[in-house]
Amino acid sequence: MAVALITGCSSGFGEAMALAFADRGYRVVATMRRPEAAPDSLRNLAAARPDAIVLAALDVTDAAMRNAIIEQTLARFGQIDVLINNAGVGARGAFEDIPESQFRTMFETNLFGPLDLIRLALPHMRARGTGRIINVTSVAAFMKTPFMSAYCASKHALDAATAALNIETRGFGVRVVSVMPGPFKTALPQKSLDREASTPYAAAAAQFNTNFDGLEARAPDDISPVVEAALAAATDPEPQLRYPAGTEVVHILQPILQAVAPMEKIGLHLTGQA
């Protein structure tokens, strides 16, 4: 049976993906910072079907834990067929008010941690001649939302790395793609590293927060489109590079994705793959 390693499974997208992949017959390693506080849905499944899902500790910003989870997964199952980098953190705030430390925290979680997990899993996938790496980015990778500069920058960087890697690794049977959720009701806003805007930005930030809060209030509770996108990204014989998922702003994104699509052909041409 295929093995899926999924990060950020304590709630939201990660929790739902872990359940869905297990239901599809995958053996799932569902990671989170504190497995002892895992949601009931995952703890119950792990107790009933320990062959189907394993709950494991992983802080994606911790290099030793990143190495350990790859080694533990390979030691237990002998393979990693799908790696889903879902763990992430958000933040709102005026760029001028955000300290360097917060930018670094954002990039460690949303970019460097996922990239290192890819680096660790790639030799195994490449040797087997197969593998699928799915990075959960965001519509923010392209929307460049004001007062969310750190978040947008980290997701844009992950999207760019995904596109480049997909060309580098496809000759080995390994595809690297992204799932791009729009707004959904998840725990991300509650965990967001928000900072109150300083006086020069207060009025504009207040207007932004009012509008963005309204967008989040209208966001759907049903996160199944994101789960379905992840399943498609994992199983499509010829996967697309990006899988948008959601409503409203996702529809605005489609013309942008169509406009940048030829860039992949340039990369394939430069590497003699087209």
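Throughout what follows, the structure given in this document is the object of discussion. (Residues numbered from 1 in each chain as written. Predicted model: local features only at pLDDT ≥ 70, side-chain atom pairs only at ≥ 80, totals over all residues. Heavy atoms only, no water.)

**Section: a nonpolar patch on the surface**
A cluster of nonpolar residues, Met-263, Ile-266 and Leu-270, forms a patch on the protein surface that exposes about 340 Å² of accessible area. Position of Met-263 among the secondary structure elements: in helix α11 (residues 262-270). Met-263 sits in the exposed class, given a relative accessible area of 53%. (Patch = residues over 30% accessible without salt bridge, like charges linked within 9 Å, V, L, I, M, F, W, Y side chains within 5 Å. Areas by Shrake-Rupley, 256 points an atom, 1.4 Å probe, with all protein chains shown as cover. Salt bridge = Lys/Arg side-chain N within 4 Å of Asp/Glu carboxyl O. Helix = DSSP H or I, 4+ residues; strand = E, 2+ residues; numbered from the N terminus. Buried < 20%, exposed > 50% of the residue type's maximum accessible area, 1.4 Å probe, protein only.)

**Regarding the packing of helix α4 (residues 100-128) against helix α6 (residues 149-169)**
Closest axis-to-axis distance for the α4/α6 pair is 8 Å, and the angle between their directions is 15 degrees. In terms of orientation, α4 lies roughly parallel with respect to α6. The two elements α4 and α6 meet at a crossing, and its hand is right-handed. Taken together, the residues of α6 that come into contact with α4 (itself represented by Phe-103, Met-106, Phe-107, Asn-110, Leu-111, Pro-114, Leu-115, Ile-118 and Leu-122) are Ser-149, Ala-150, Tyr-151, Ala-153, Ser-154, Lys-155, Ala-157, Leu-158, Ala-161, Leu-165 and Thr-169. Class assignment for the residues of the contact of α4 with α6 results in 15 nonpolar, four polar and one charged. (Axes fitted to C-alpha atoms, helices over the stretch in contact; angles between N-to-C directions. Parallel < 35°, antiparallel > 145°, perpendicular 65-115°, else oblique. Left-handed = near helix turned anticlockwise from the far one by under 90°. Contact = heavy atoms within 4.5 Å. Nonpolar A, V, L, I, M, F, W, Y, C, P; charged D, E, K, R; others polar.)

**Comments concerning the nonpolar core**
Among the nonpolar cores identified, the biggest contains 43 residues, and Ile-69, Leu-83 and Ile-133 are the most heavily contacted of them. No other element matches α4, which puts 10 residues into this core. Contact partners of Ile-69, with chain neighbours within four places excluded, come to Leu-5, Val-29, Thr-31, Ala-56, Ala-57, Leu-58 and Leu-117. Cys-9, Ala-16, Phe-21 and Phe-184 belong to the second-largest nonpolar core, a separate cluster that totals 36 residues. (Core = buried A, V, L, I, M, F, W, Y, C linked by side-chain atoms within 4.5 Å.)

**Some remarks on the pairing of strand β5 (residues 131-136)**
For β5, a buried count of six out of six residues is recorded, marking the element as mostly surrounded by other parts of the structure. Covered by surrounding structure in β5 are Gly-131, Ile-133 and Asn-135 together with Arg-132, Ile-134 and Val-136, the residues of both alternating faces. The pairing of strand β4 (residues 82-85) with β5 spans four bridges and is classified as parallel. From the neighbouring strand, Leu-83 faces β5, where its bridge partner is Ile-133. Tracing the backbone out of β4, into α4 and back to the parallel element β5 gives a crossover that is right-handed. (Pairing = 2+ DSSP bridges. Right-handed = clockwise from strand over helix to strand, strands pointing away.)

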